[in-house]
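Chains, contacts and geometry: an overview
Spelled out from the first residue to the last, the chains are:
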Amino acid sequence: MDKVNQKDLILYSGLIILGLAAPFLFPGFKVQLTILCVLIVLAMTWNLQGGEMGYNTFGNILFYGLGMYLTASVQVGMFFPLAEWTESGGEKTFVHTTSQYFQGMGVGLLVAALVPTIIAGAIGYAILGLRGHYFAICTLGLGIAAGEIAGGIEIIGAGQGFTTPPFPKDIVDPGARGDFFYFLSFVLLIGTFVFIKWIYGSRFKLILNAIRDNEDKAEAMGIQTMKYKIVGWMVSAFFAGLAGGIMGGLIGYIDSTDVAFDGREMGVFMVLMAILGGKGTLWGPVIGATLFHFLKEGFWTLILGWQYVALGVLIVVIVIYFPEGLMGWLREKYPERFGEVIDEKDRKAQVELK
Amino acid sequence: MNKFTKLFITFISAITLMLSSMSSSFAKVDGEYIVLGAAISLTGKYSSNGVHTQNGYNLAVERINKMGGVEVQGKKYKFEIIYYDDESNPKRAAQLAERLINQDGVKYMLGPYSSGLTKAIAPVTEKYKIPMVEANGASRSLFTKGYKYLFAVLSPANQYLEVAIDLAVEKNGGKPVRIAQAFEQDAFSQDVRLGILDAAKRTGSEIIIDDKLPKELNDMAATLAKVKATKPDVLVVSGHTKGALTAIRQIAEMKVDVPMLAMTHCDAAKLSKQHGKKSEYALCASQWHKNLSYKDSFFGTGKKYDKDFKKEFGYAPPYQSAESSAALLVFKDAFERANSFDGDKVRDALKTTEMQTFYGNIKFGPGGQNTAKPMILFQVRCKGDTCENKVVAPTKWASDKFYHPIPKWSERS
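No experiment lies behind these values; they were computed from the predicted model shown.

A separate point is the overall build of chain A. For chain A, the helix and strand inventory stands at 17 helices and 2 strands. For 354 residues, the compact-globule estimate of 2.2 N^0.38 gives 20 Å, and chain A sits close to it at 21 Å. Looking at chain A as a whole, 46% of its 354 residues are labelled buried. Taking as baseline every contact in chain A between residues at least 6 positions apart, the subset at least 24 positions apart corresponds to 79%.

Spelled out as C-alpha cells, the structure:
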C-alpha cells in the first residue's frame, strides 16, 4: 500500500468510527444525524447527474417519494389489507409484531430500491434525449405530477396521508427506534459512498464526464451516450429510493406533496447541497450536505422566523464567492492537495509517447 | 501530521464541542417554570392559522401566570412555552417534536396547527410517552389509532358540516338533497368530506360533484363552473383559510347561485371583514363562538375573551385561538389534579378531565377527542356594510334564524 492510500485509510476509518459513535456521543441528535445521512445520499446521487453528467435533474425526488410510499405500502400490505389501513377513520387498529415490522421493512426497502430503478430506466429511455433546460423542466414536472397523482390514490391514503407502521411496542427502549433508523441510514450512506467512489475510479465516470463536456463529441467517439445516461440515472434512483424508504419510516407520516414528493424542499435541497459542496467531485456533496444541514439547523434555532432569509443570503453568498462550491474553491486554492490526481503510470506513458 | 489532517481534527472537535454544549437539556420543570413545547406553523401555507394558535397559547399562558399560575405540591409554578416553526410541513414537525423532547427536555407538549401536522407529531409523543394536549388537529383518524397520550379539546373533523346537510334536508321538506362538494387534499378537509359522505348516506342525499382541490387553494373556478351547470341544493367547500377566501371570491366573481353554501374556516379567514357583503349567507362550521354561554374563572365568558383578545392582538379571536387557549386551561387543571410532574400521572389526570371553560365543556373520549362539546354553525349576516357571524345552530344557542335559500346574485344589491 502506498502513502496516499494510507492517508485515505486513516481518514475513512476515522469517519466510520465517528459515524458509529455519533448516536452515542450525541443521543439527542439522532434524528438530525439520520437526516444528515439521507441528505448526503441524495446529494451524492444528484451529483451523478447534475455534476458528472451535466444533466440538471429535479426529478430525483420522484424516486425518493416512490421509495417512501413503496416501503410503507409493502410493510403494511404484507400483513394487513392496505386499503383498510389507510382508510381514514377506520375503527380498526392493526399492530405489527416485532418480526413483522422488520420483515416488512426489509422487503419494503428491497422493493423501494428496485422499482424506482426500473422506473428510472423506463422514464430515462423516454426523456434523457432532452438536453439542458428542457431536461430540467421536464424532470421538474415529473416530481410535481407524481405528488398530485399520489394525492389522489385512495389506497395509499390520498390527501389524508399515510401513517407508517409504528415501531414495535415490544421494544421498550425509546432510543431503539432512533438507533435503528440511524444505523440503517448510515449503512446506506456507506454503501452509496463506496459505490460512487468505485464509479469515480471507473471508465463509467469518464464517459459521464464526456457527456457533460460535449455530448456530440462523445457520440462521435462511438460512445452510446443514451445507454450510459440511463444507467447513471438508474444508479441514482436505486439509492434515492432506499433513502426515501428510510425517511418514510423515520418520519412516520407520509404526505403526498409535503413529505414524499417534496420537490419544493428536498428536491431543491439536494441540488443546493451538491452545488454548495462543489458539483462534479466525490467529496463535494458530502461536505455540502453536512455544512448545509448544520447551517440550516442552526438558523432554525438561532433566528427563528428569519431562517429562510438567512438561507437565501447564504445561497447568494455561495453563488457569488464560491461558484464552484467549497471543493472547487479548495481545488483552486490548494491544487496540490485537492486537485485532480493524475496517475503516475498514465503520465509516464504519455511521456514515453513523445 | 499534515495540515489537512489537523484541520479535519479541529473541525470535528469543534462540532463535537458545539453539540455537546447544546445537548445539556434543561429539565421539564425549570425553577418556577413548567416548560411546554410546541411546533407551530409560523411560515408556510398554514401560517395565518399558526399565528392564531400561537396567540391563543400566549394569551392563556399570560393569563394563567398572572392569576397565580399552577399550584403543584403547594408550590406555584408558571407556564413557559418553547416554540419552533414547523413551516406547515409534517416532516419538519416530526423532527421538531423529537428535538423538543430530546434536546430541550420538554415533557409536555402542545399541539401544532392542522390535522396533518398533528398526525406527524403524535407518533413521536406517543413513543416517548409525552402527554400532548392539542387544539387544532381534528381529523378523525387521529382518534382511532389508539394513542394514549393525545388529547384534543376539539370535536372531530367529520362532525364539522354533517349538521349542515341535516339542515339542508330539513329545509328541503325532509327530502334528500343534491350535494356539490369540493375539498382540499389534506387530512382535515378530507375528513370533513367523510362526514358529508356519512350524512349523505344517512339522509339518502346524492353527491353530484365531488372534487379534490390542490393544497394552497387559489383557484376553484372549474368546480364552480360545474356547480353553475348542475345547480345543486348545497355547495360544501373546505380548505382551511385560503379555501374559504378563494371560494367566496370566486363565487362572487362568477355569480354562482346556490341555495346553500357551507364552509369551514370562515372566522379564521375573517370572511365577514375581508369580503363583506360578498360573504353574506355563507354557513360556517365552528368549534366556538363568543356568544355561547360557557364560562370559567380565567377568561370569564366568551364575550370577555373576545374583548381581551382584541385588546391584545387587534383582531377578533377565531375559534382556533379560543381552543388553543383552552388547551392551556386543560393542562393547568390536569397538573393541579395530578399534583405531580410525573408524565404518566399527568396523563391519567388528563384522561379524567371534566371541566367547563369559556370555550366549552371538555371531557375526553377513549380516543382522546373531546366528546362534551357540540359543533356550532353560524351564518354571515350583514346590516348595511357591517357583517357579522350569527349563530344559527344548534337551536340552544341560536341568536338568529337560518336564512334559506340564499338570494340570487341578480337580486342581491
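Along chain B, the regular secondary structure elements total 12 helices and 18 strands. With the C-alpha coordinates of chain B rotated into their principal frame, the extents come out at 80 × 60 × 40 Å. Looking at the 413 residues of chain B, the share that counts as buried comes to 57%. Within chain B, residue pairs in contact and separated by at least 24 positions form 69% of the contacts whose partners lie at least 6 positions apart.

Now for the interface of chain A and chain B. Counting residues at the interface gives 34 residues for chain A, matched by 38 residues for chain B. The set of elements that each furnish at least two residues to the side of chain A that touches chain B consists of α1 (3-25) and α11 (256-260) of chain A. Looking at which element gives the most residues to the side of chain A that touches chain B, the answer is α11(A), with 3 residues. Here the residues of the side of chain A that touches chain B sort into 14 nonpolar, 14 polar and 6 charged.

Residues and elements named next belong to chain B. When you tally the buried positions in strand β8 (residues 178-184), you get 6 out of 7 residues, the bulk of the element. The pairing of β8 with strand β9 (residues 206-213) spans 7 bridges and is parallel. Paired with Phe 183 across the bridge in β9 is Lys 212. Pairing analysis gives 5 bridges linking β8 to strand β10 (residues 234-238), with the strands arranged parallel.

Residue and element names in this part refer to chain B. Entries for chain B in the domain assignment read domain 1 (29-155 + 292-363) and domain 2 (159-286 + 376-411). Taking the mean C-alpha position of each, domain 1 and domain 2 sit 29 Å from one another. Residue-level contacts link 17 residues of domain 1 with 14 residues of domain 2. Of the residues assigned to the side of domain 1 that touches domain 2, the class counts are 5 nonpolar, 9 polar and 3 charged.

So, on to helix α3 (residues 60-77) of chain A. With 18 residues, α3(A) should reach 26 Å at 1.5 Å per residue; the first-to-last C-alpha distance of 25 Å fits that figure. Most of α3(A) sits out of view: 17 of its 18 residues are buried.

Residues and elements named next belong to chain A. Put simply, helix α13 (residues 284-302) and helix α15 (residues 325-333) touch, their axes get as near as 7 Å, and they point 120 degrees apart. As far as their axial angle goes, α15 and α13 are oblique. Each of Gly 284, Ile 287 and Gly 288 in α13 lies in contact with α15, whose residues at this interface are Gly 325, Leu 326 and Met 327. The class makeup of the residues in the contact of α13 with α15 is 3 nonpolar, 3 polar and no charged.

Alignment of strand β15 (residues 354-357) of chain B against strand β16 (residues 360-363) of chain B, held across 4 bridges, turns out to be antiparallel. By the bridge assignment for β16(B), Thr357(B) is matched with Gly360(B).

To continue, consider the nonpolar core. Residues Leu42(A) and Ala243(A) are the most contacted members of the largest nonpolar core, which totals 222 residues. Taken domain by domain, the makeup of this core includes at least three residues from each of domain 1 (29-155 + 292-363) and domain 2 (159-286 + 376-411) of chain B. Dropping the residues within four chain positions of it, Leu42(A) is found in contact with Asn60(A), Tyr64(A), Ala240(A), Ala243(A), Met266(A) and Met270(A).

This brings us to the sheet that holds strand β12 (residues 283-286) of chain B. Residues and elements named next belong to chain B. In space, the 7 strands of this open sheet follow the order β9-β8-β10-β11-β12-β17-β18, with mixed pairing throughout. A strand with exactly one partner marks an edge of an open sheet, and here the two such strands are β9 and β18 (386-393). The mean angle between the axes of side-by-side strands here comes to 25 degrees, regardless of whether they run parallel or antiparallel.

Residues and elements named next belong to chain B. If you trace the backbone, Glu 32 turns up in the loop between β1 (29-30) and β2 (33-40). With 12 C-beta atoms packed within 10 Å, Glu 32 lands in the exposed category. Taking the C-alpha atoms as reference, Glu 32 lies 9.7 Å from Glu 80; in sequence the two are 48 residues apart.

Glancing now at unusual backbone geometry. Residue and element names in this part refer to chain B. Following Ala 393, the chain continues to Pro 394 via a peptide bond in cis, the omega torsion being -5 degrees. Note on placement: Pro 394 falls in the segment after β18. The backbone phi angle of Lys 129 is positive, close to 55 degrees, even though this residue is not glycine. Mapped onto the fold, Lys 129 is located in the loop between α4 (115-127) and β6 (132-134).

Further remarks concern the packing of helix α11 (residues 319-338) of chain B against helix α12 (residues 343-351) of chain B. All names here are of chain B. The geometry of α11 relative to α12 is characterised by a closest axis approach of 8 Å and an angle of 115 degrees between their N-to-C directions. Where α11 crosses over α12, the handedness of that crossing is right-handed. Along the contact surface, α11 presents Ala 334, Phe 335, Arg 337 and Ala 338, while α12 presents Lys 345, Val 346, Asp 348, Ala 349 and Leu 350. Residue composition of the contact of α11 with α12, by class: 6 nonpolar, no polar and 3 charged.

Turning to the confidence of the model for chain B, a few remarks are in order. Residues and elements named next belong to chain B. Scored by pLDDT, chain B has a mean of 88; 93% of the residues are at 70 or more. Overall, residues 20-27 carries pLDDT values under 50, and its contacts beyond four positions in sequence, including any with other chains, amount to 10 contacts. Reported confidences for the modelled complex are a pTM of 0.83 and an ipTM of 0.76.

All names here are of chain B. Within the secondary structure, Asp 211 is located in strand β9. Under the C-beta neighbour-count criterion, Asp 211 is labelled partly exposed, with 15 such atoms within 10 Å. Separated by 107 residues in sequence, Asp 211 and Asp 104 have C-alpha atoms that sit 43 Å apart. Contacts of Asp 211, omitting those with residues within four sequence positions, involve Ala 182 and Thr 223.

With that out of the way, let us pick up helix α8 (residues 240-254) of chain B. Residue and element names in this part refer to chain B. When the terminal C-alpha atoms of α8 are compared, their 21 Å separation across 15 residues agrees well with the 21 Å that a helix rising 1.5 Å per residue should span. Buried residues of α8: His 240, Thr 241, Gly 243, Ala 244, Leu 245, Thr 246, Ala 247, Ile 248 and Ile 251, and no others. Contact partners of the buried residues in α8: α2 (47-66), β8, α7 (221-230), β10, β11 (260-264) and α9 (271-274). Lys 255 sits one or two positions beyond α8 and adopts a positive phi of about 50 degrees.

Scoring rules and cut-offs
Residues numbered from 1 in each chain as written. Chains lettered and ligands numbered in written order. Predicted model: local features only at pLDDT ≥ 70, side-chain atom pairs only at ≥ 80, totals over all residues. Helix = DSSP H or I, 4+ residues; strand = E, 2+ residues; numbered from the N terminus. Rg over C-alpha atoms; globule rule 2.2 N^0.38 Å. Buried ≥ 20, exposed ≤ 12 C-beta atoms within 10 Å, placed from the backbone. Contact = placed C-beta atoms within 7 Å. Nonpolar A, V, L, I, M, F, W, Y, C, P; charged D, E, K, R; others polar. Pairing = 2+ DSSP bridges. Domains from an automatic or database assignment. Expected span 1.5 Å × (residues − 1). Axes fitted to C-alpha atoms, helices over the stretch in contact; angles between N-to-C directions. Parallel < 35°, antiparallel > 145°, perpendicular 65-115°, else oblique. Core = buried A, V, L, I, M, F, W, Y, C linked by C-beta atoms within 7 Å. Left-handed = near helix turned anticlockwise from the far one by under 90°. pLDDT = per-residue confidence, 0-100.

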